[in-house]
Amino acid sequence: MFRSKQLIMATLSLSVLALALTACGSSTVAGPKQSVTLALDWTPNTNHTGIFVAQQKGYYANEGLTLSLAPYSSNVTPEQLVSTGQADFGISFTESVTAARATGLDVVSVAAVIQHNTSALVSLRSSGLDTLPKLQGKKYAGFGAPYEQPVIDKILSCAGVSKPAFENVTTDLDPIVALKSGQFDFAWIYSGWEGIEAQRQGVSLNIFPLGDTCMPDYYSPVIITSSKMLHAHPDTVRHFLAATAQGFAFAIHSPREAADLLIKGAPAGTFDDKQLVYDSQDYLSPRYAEGAPCWGTQTAQKWTEYPKFMFESGAIQDANGSPITTAPDYAAAFSNAYLPSC
């Protein structure tokens, strides 16, 4: 499932898309630069490549912006930082946006970083758990989110398990480390990072992509801001997204050079294995805008189907930790209005 540089870059449509986005983000805004902040969801990785490219190539400066990156903190989420105005933008996920809005946080998704869900359930090849039904009753290395149980239950049910049941244990261990420890039978990973990391470590996996199951597709990750920011500074949002779109267009068209810019722009020591970055970039570059008219575009269908599943499963909780009883306003969770035209 991991592709070569040649296969990634060969399609004409992606090249045309990249050139179109580059053209629409090429204007220079005169005058003093405006400072904006983006809160990362994790340490720098290939989900963020277009942002680092835009910094290194001067795309934000051309749009009249100076971008600062707020490093990931386990003490406060990007959603909290954006909602309270401590960050102008953030990296988030469909689940996180849906959950945050249910608790009253002011967050809106303004761009999809990747068009399709690239996550997967995995087990060690040596475990013999080579089909989804075999995960029934096994120990899962969870990360403590309320949606994990219903998602996996649904996947097992669609795979033919009549009464899905598994041991959901929250752990701080990296998914691949958790599997290698022998304490867990299966985990949930991102194929474009942990999946490639496992491959480079010689760890053979049984991989069950969520996109191949009955689960609705969704965006993972997304870029968020607040409705307050949209109303007060719409042009700033447009300039930020124009530069960011140009950065991801570059990454689509030139994966190797984009990966180099990510490595160069990230704090020293971020990447112990540079080849992991290159291989991950090769995997993600064709997926940033796959099937979309241009990078960042979102649809009401994706912002409805998966959040609706979360709601109907009782996985969306209010500020008191109780499942919400009224369906969320799905359409209000996202906007395409601030993206550059294709």
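First, a word on scope: everything that follows refers to the structure included in this document. As the structure is a prediction and not an experimental result, all values here were calculated from the model.

Of the regular secondary structure elements, the protein chain holds 14 helices and 10 strands. Against the globule reference of 20 Å for 342 residues, the protein chain gives a C-alpha radius of gyration of 20 Å, in line with a compact fold. Referenced to the eigenvectors of the C-alpha coordinate spread, the extents of the protein chain come out at roughly 60 × 45 × 35 Å. Counting the 342 residues in the protein chain, one finds 51% classified as buried. Expressed as a percentage of contacts within the protein chain between residues at least 6 apart in sequence, the contacts between residues at least 24 apart total 81%. Accessible surface, the protein chain as shown: approximately 14,400 Å² in total, 50% of it carbon and sulfur. Once the 21 positive and 29 negative side-chain charges of the protein chain are each reduced to a mean point, those two points are 5 Å apart.

Another aspect to go through is helix α11 (residues 234–253). The first and last C-alpha atoms of α11 sit 28 Å apart over 20 residues, in line with the 28 Å expected at 1.5 Å per residue. For α11, the tally of buried residues reaches 15 of 20 residues, placing the bulk of the element in the interior.

We now examine the environment of Val122. Looking at the secondary structure, you find Val122 in strand β5 (residues 119–124). With a relative accessible area of 1%, Val122 lands in the buried category. Between the C-alpha atom of Val122 and that of Pro209, which follows or precedes it by 87 residues, the distance is 8.4 Å. The residues touching Val122, leaving out its near neighbours within four places in the chain, are Leu179, Asp185, Phe186, Ala187, Ile189, Leu205, Asn206 and Ile207.

Next up on the list: the nonpolar core. Counting 40 residues, the largest nonpolar core has Leu38, Tyr60, Ile223, Phe240, Leu241, Tyr288 and Trp295 as the members making the most contacts within it. Per element, the largest residue contribution to this core is nine residues, and it comes from α11. Look past the residues within four positions of Ile223 in its chain and what remains in contact with it is Gly90, Ile91, Val108, Ser109, Val110, Ala111, Val113, Phe240, Thr244 and Trp295. Counting 27 residues, the second largest nonpolar core, distinct from the first, contains Tyr140, Ala145, Val161 and Phe166.

Before going further, it helps to spend a moment on the packing of helix α3 (residues 49–56) against helix α12 (residues 255–265). In the contact formed by α3 and α12, the axes pass within 8 Å of each other and the chain directions differ by 80 degrees. It follows that α3 is roughly perpendicular to α12 by the angle criterion. In this structure, α3 uses Thr49, Phe52, Val53 and Gln56 to contact α12, whose residues at the interface are Ala258, Leu261, Leu262, Lys264 and Gly265. Class assignment of the residues belonging to the contact of α3 with α12 gives a composition of five nonpolar, three polar and one charged.

So, on to the pattern of salt bridges. One pass over the structure, following the stated rule, counts five salt bridges. One salt bridge in this structure joins Asp235 and Arg238, with 3.2 Å as the shortest N-O distance. Linking Asp235 with Arg238, this pair stays in helix α11, spanning three residues, or about one helical turn. Among the residues examined, Asp235 registers a relative accessible area of 49% and is labelled partly exposed. Using a relative accessible area of 38% as the deciding quantity, one classes Arg238 as partly exposed. Ionic contacts of the salt-bridge type, sharing partners, join the residues Arg200, Asp273 and Asp279 into one network.

Taking strand neighbours across the sheet as the criterion, the five strands line up as β7-β6-β8-β5-β9 in an open arrangement whose pairing is mixed. In this open sheet, the two edge strands, each paired with only one partner strand, are β7 (167–170) and β9 (205–209). On average, adjacent strands in this sheet sit at an angle of 35 degrees to one another, irrespective of strand direction. One ladder, built from five bridges, connects β5 with β9; its direction is antiparallel. Within β9, the position partnered with Ala120 by the bridge is Pro209. Across the sheet, helix α9 (residues 191–200) touches β5, β8 (186–190) and β9, and the angle it forms with β8 is around 120 degrees.

Side chains Phe89 and Ile91 project from strand β3 (residues 89–92) onto one buried face, and the interleaved Gly90 and Ser92 project onto a second face that is buried too. As defined by bridge partners, strand β1 (residues 34–39) adjoins β3 across two bridges and the pair is classed as parallel. Paired with Leu38 across the strands is Phe89, a residue of β3. Looking at chain direction, β3 and strand β10 (residues 222–225) are connected through three bridges and run antiparallel. The residue of β10 that forms the bridge with Ser92 is Val222.

Another aspect to go through is the packing of aromatic side chains. By the definition in use, this model includes 16 aromatic pairs. Pairing Phe89 with Phe240 gives two aromatic rings, centres 3.8 Å apart and planes at 10 degrees, and the pair type is stacked. Of this pair, Phe89 sits in strand β3 while Phe240 sits in helix α11, and the two are 151 residues apart along the sequence. Ring geometry for Tyr147 and Trp188: centres 6.1 Å apart, planes at 90 degrees, overall edge-to-face. Here Tyr147, found in the loop between β6 (139–142) and α7 (148–158), pairs with Trp188, found in strand β8; they are 41 residues apart in sequence, far enough to count as distant. Among the residues examined, Trp188 registers a relative accessible area of 8% and is labelled buried. A network of ring pairs unites the aromatic residues Tyr60, Phe89 and Phe240 as a single cluster. Lying across the ring of Tyr283, Arg287 places its NZ or CZ 3.8 Å from the centre.

About the cut-offs
Residues numbered from 1 in each chain as written. Predicted model: local features only at pLDDT ≥ 70, side-chain atom pairs only at ≥ 80, totals over all residues. Heavy atoms only, no water. Helix = DSSP H or I, 4+ residues; strand = E, 2+ residues; numbered from the N terminus. Rg over C-alpha atoms; globule rule 2.2 N^0.38 Å. Buried < 20%, exposed > 50% of the residue type's maximum accessible area, 1.4 Å probe, protein only. Contact = heavy atoms within 4.5 Å. Areas by Shrake-Rupley, 256 points an atom, 1.4 Å probe, with all protein chains shown as cover. Lys, Arg positive; Asp, Glu negative; His and termini not counted. Charge placed at Lys NZ, Arg CZ, Asp CG, Glu CD. Expected span 1.5 Å × (residues − 1). Core = buried A, V, L, I, M, F, W, Y, C linked by side-chain atoms within 4.5 Å. Axes fitted to C-alpha atoms, helices over the stretch in contact; angles between N-to-C directions. Parallel < 35°, antiparallel > 145°, perpendicular 65-115°, else oblique. Nonpolar A, V, L, I, M, F, W, Y, C, P; charged D, E, K, R; others polar. Salt bridge = Lys/Arg side-chain N within 4 Å of Asp/Glu carboxyl O. Pairing = 2+ DSSP bridges. Phe/Tyr/Trp six-rings, centres within 6.5 Å; stacked < 30°, edge-to-face > 60°. Lys NZ or Arg CZ within 6 Å of the ring centre and 35° of its normal.

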